[in-house]
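Summary of structural features
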Amino acid sequence: MSEPVRLAPLAVYQHFVGVGAPLAFGIRDAEGRLLLARGQVVGSAEQLELLLQRGAKVDLAELQSTRRDPRKLRPDELPACWRESITVAARLLRLSLGNGFVRALDEVAAPLLQLIARDPDLAIFQVVRQEGMADFQYGAQHGVHAGIAAVLAARELGASADESLRAFRAALTMNLSVVELQGKLAHQLFAVKPQQRTLLREHPMRSRQMLEERGVQDAEWLRAVAEHHELPGGGGYPSGLHTPSALARLITVADVYTAKLSTRASRAPLPSDRAARDLFVAHRQEPAASALVKAFGLYPPGTLVRLASGEAAIVLRRGATPQTPLAAALVNRSGEPMMNPARRDCAQAAHAIQAVLEPRQLRVQWVAEKLMGL
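Quick caveat, the model's predicted, so the values are computed rather than measured.

**Focus on the overall build of the protein**
Along the backbone of the protein there are 14 helices and nine strands. The C-alpha radius of gyration computed for the protein amounts to 22 Å, which stays within 12% of the reference 21 Å derived for 374 residues, consistent with globular compactness. Projected onto its principal axes, the C-alpha coordinates of the protein cover approximately 70 × 55 × 45 Å. Sorting the 374 residues of the protein into buried and exposed places 49% on the buried side. Within the protein, contacts between residues at least 6 apart in sequence are counted, and of these 62% link residues at least 24 apart. Of the accessible surface of the protein, which amounts to about 17800 Å², a share of 52% is contributed by carbon and sulfur atoms. The centroid of the 45 positive side-chain charges in the protein is displaced by 3 Å from the centroid of its 37 negative side-chain charges.

**Considerations on the nonpolar core**
Of all hydrophobic cores here, the largest spans 77 residues; its most connected members are W82, I116, L292 and F296. Residues in contact with I116, not counting those within four places in the same chain, are W82, A123, I148, V151, L152, R155 and F168. Membership of the second largest hydrophobic core comes to 16 residues, among which are V12, L36, L48 and L51.

**Re the layout of surface pockets**
Of the voids in this model, the second largest pocket is the one considered here, and its volume is about 660 Å³. Along its surface, the second largest pocket is lined by 27 residues, and F16, T66, R67, E84 and V88 are the ones closest to its centre. Of all the secondary structure elements, the ones that give two or more residues to the lining of the second largest pocket are α2 (60-65), α3 (78-95) and α4 (101-118). For the lining of the second largest pocket, the element with the highest residue contribution is α3, accounting for six residues. When the residues that make up the lining of the second largest pocket are grouped by side-chain class, the tally is 14 nonpolar, six polar and seven charged.

**Brief notes about α3**
For an α-helix the count is 3.6 residues per turn, leaving residues at separations of three or four pointing the same way. For α3, spanning 18 residues, the distance from its first C-alpha to its last is 26 Å, which sits close to the expected 26 Å at 1.5 Å a residue. Taken together, the buried positions of α3 are occupied by L78, P79, A80, C81, W82, S85, I86, V88, A89, A90, L92 and L93. Packing partners of the buried residues in α3 comprise α4, α5 (120-128), α6 (138-156), α7 (161-173), α8 (179-186) and α14 (368-372).

**Topic: helix α12 (residues 272-282)**
The set of residues buried in α12 consists of S272, A275, A276 and L279. Projected onto a plane normal to the axis of α12, the buried residues spread over an arc of 95 degrees and lie on a single side. Taken together, the buried residues of α12 touch α5, α11 (246-260) and α13 (287-296).

**Concerning the pattern of salt bridges**
Evaluation of the coordinates by the stated rule reveals 23 salt bridges. Among the ionic pairs, R94 bridges to E180, the shortest N-O distance being 3.1 Å. With R94 in helix α3 and E180 in helix α8, the pair connects residues that are 86 residues apart, well separated along the chain. Classification of R94 as partly exposed rests on a relative accessible area of 31%. Put simply, R249 and E286 hold a salt bridge, and the shortest N to O gap is 2.7 Å. With a gap of 37 residues between them, R249 in helix α11 and E286 in the loop between α12 and α13 connect regions that are remote in the sequence. We note that R249, like E286, is buried. Each of D119, D121, R317 and R318 takes part in a single network of salt bridges with overlapping partners.

Criteria and cut-off values
Residues numbered from 1 in each chain as written. Predicted model: local features only at pLDDT ≥ 70, side-chain atom pairs only at ≥ 80, totals over all residues. Heavy atoms only, no water. Helix = DSSP H or I, 4+ residues; strand = E, 2+ residues; numbered from the N terminus. Rg over C-alpha atoms; globule rule 2.2 N^0.38 Å. Buried < 20%, exposed > 50% of the residue type's maximum accessible area, 1.4 Å probe, protein only. Contact = heavy atoms within 4.5 Å. Areas by Shrake-Rupley, 256 points an atom, 1.4 Å probe, with all protein chains shown as cover. Lys, Arg positive; Asp, Glu negative; His and termini not counted. Charge placed at Lys NZ, Arg CZ, Asp CG, Glu CD. Core = buried A, V, L, I, M, F, W, Y, C linked by side-chain atoms within 4.5 Å. 1 Å grid on protein atoms, 1.4 Å probe; cavity = no way out; pocket = protein on both sides within 12 Å on 5 of 7 lines; lining within 4 Å. Points joined across faces, edges and corners; volume = space filled by probe spheres on them. Nonpolar A, V, L, I, M, F, W, Y, C, P; charged D, E, K, R; others polar. Expected span 1.5 Å × (residues − 1). Arc of directions from axis to C-beta. Salt bridge = Lys/Arg side-chain N within 4 Å of Asp/Glu carboxyl O.

Here it is as structure tokens:
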């Protein structure tokens with residue numbers, strides 16, 4: 001005898017639904033009758049809203065069967081898992097669910113934390129190479145990138161698993177009240193408007209309030225979100241506190257560093273070495289900044305570099321020393337794209353790093369799955 005179908009409201013799991021993308025699970029009506037089968041498409045935001053209004057359901061067993069355990073994937077399957085996990089987490093932050101938000105947040109955080117633990121270098125790669133944030137996705141994806149940086153810095157500081165999870169949660173949600181606004185500002189060429197400036201100044205307290213309304217009771221998490229723009233000694237906002245919490249300062253440096261690596265309509269991303277240098281100079285007295293710079297290294301994975309051989313390459317993994325990572329050559333010494341990326345050990349004199357390149361200096365596409373083979 002087959003087990004009875006266990007249904008749950010689509011409203012609680014709508015962050016797993018991408019408009020225009022094949023469904024990973026079927027959608028049923030309130031009585032359990034199938035409306036859209038797995039692989040079919042929700043064609044518009046309006047269609048999704050109509051399904052929610054009519055009390056659509058999902059089969060929990062079918063939903064669970066779609067989830068992949070990052071710890072069991074082949075290396076070449078990890079990049080796709082990263083893309084899927086970041087997309088789902090970003091979608092959740094944009095939705096900002098009320099009922100069930102904390103549970104949903106922990107569900108989307110779990111695979112991301114497993115991916116970080118499985119391959120920290122590939123996690124850093126996601127932060128340094130922040131491509132594909134069109135359609136005003138910056139605000140939502142930035143929380144994920146800051147969360148990765150916060151976890152790696154926390155671990156460098158000797159944080160426990162619970163402390164690392166708290167840092168990840170806080171970084172993910174620090175900008176909850178301005179997720180959409182951040183996406184707009186990333187594409188905005190003109191100066192910040194007065195109304196936008198007010199929303200930005202108020203967002204730490206407003207984000208804390210939203211978390212409280214959604215059932216968050218962790219005092220350290222809430223405090224970090226409220227204080228992540230405060231500065232030691234005063235001068236920050238919104239309250240001008242003199243002693244923000246250590247967790248607040250940790251997610252602050254993660255926020256600042258990952259923002260420097262992002263593309264805006266008004267500026268190009270900073271090269272990773274410049275971003276790290278600027279962060280360290282601005283926060284040289286703070287353990288969190290030192291820990292983040294140490295965790296990422298001088299040439300973190302995702303950094304574009306010129307080698308002594310004349311080739312242009314992308315860093316894949318940190319090496320035995322900060323100066324000697326493993327890289328993949330993408331362009332030969334004649335400036336021609338290589339058919340297949342070639343592994344380069346930067347500890348060898350012929351492949352030593354000579355300079356960090358900006359994205360505009362290396363206009364060549366690469367496939368992450370192919371890089372994992374190196």
